[in-house]
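In case you want the letters, here they are:
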Amino acid sequence: QVQLVESGGGLVQPGDSLRLSCAASGRAFSTYAMGWFRQAPGKEQEFVAVITGSGGNTMYADSVKGRFTISRDNAKNTVFLQMNSLKPEDTADYYCASSVVWSTKRYNFRDWGQGTQVTVSS
């Protein structure tokens, strides 16, 4: 089991950047694929990005491709989500999660953080 704690959310203006972090505790962090999901008010949770345990492969939702970058530092048991050119529609609670398989489906992610809020507004 992996315990996950997100940080880095906040209120920013359209076009700004923000970097989310997710600190993991527990063993064998590098064996887990790590994903970011988000849930906007009144909407279902959606996939944002995923990265393999080694960090060698990544995948993104079309809505964030080219603007967001997922990365990880296995030495520090941390995964990041760099968000650039933020838009109001990026406003959501962002969650990191771990999976033993490579997936974009939330049901494959077993352990979840508590979430961090991102608000993009002028």
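Preceding this section is the structure that the text describes.
This text gives an overview of the structure that appears in the document.

The rules behind these values
- Residues numbered from 1 in each chain as written.
- Predicted model: local features only at pLDDT ≥ 70, side-chain atom pairs only at ≥ 80, totals over all residues.
- Heavy atoms only, no water.
- Helix = DSSP H or I, 4+ residues; strand = E, 2+ residues; numbered from the N terminus.
- Buried < 20%, exposed > 50% of the residue type's maximum accessible area, 1.4 Å probe, protein only.
- Salt bridge = Lys/Arg side-chain N within 4 Å of Asp/Glu carboxyl O.
- Contact = heavy atoms within 4.5 Å.
- Phe/Tyr/Trp six-rings, centres within 6.5 Å; stacked < 30°, edge-to-face > 60°.

1. A short note on the environment of Gly42
- Turning to its location among the elements, Gly42 is positioned in the loop between strand S4 (33–39) and strand S5 (46–51).
- Judged by relative accessible area, Gly42 falls into the exposed class, the value being 87%.
- On a C-alpha basis, the gap between Gly42 and Cys96 in space is 20 Å, while along the polypeptide they are 54 residues apart.

2. Things to note about the pattern of salt bridges
- Enumeration over the complete set of coordinates arrives at 5 salt bridges.
- Between Glu46 and Arg38 there is a salt bridge; the shortest N-O distance is 2.6 Å.
- We classify Glu46 as partly exposed; its relative accessible area is 34%.

3. Re the side chain of Arg67
- Take Arg67: it is sitting in the loop between strand S6 (58–60) and strand S7 (68–73).
- Discounting chain neighbours no more than four positions away, the residues touching Arg67 are Gln82, Met83, Asn84, Ser85, Leu86, Lys87 and Asp90.

4. Brief notes about the packing of aromatic side chains
- Counted according to the given criterion, the structure contains 4 aromatic pairs.
- Taken together, a centroid distance of 5.0 Å and an interplanar angle of 50° make the contact between Phe37 and Trp112 tilted. Residue Phe37 is located in strand S4, and its partner Trp112 is located in strand S10 (residues 111–112); the two are separated by 75 residues in the primary sequence.
- For Phe37, a relative accessible area of 1% puts it in the buried group.
- By relative accessible area, which is 26% here, Trp112 ends up partly exposed.

Spatial relationships are all this shows, so hold off on functional conclusions.
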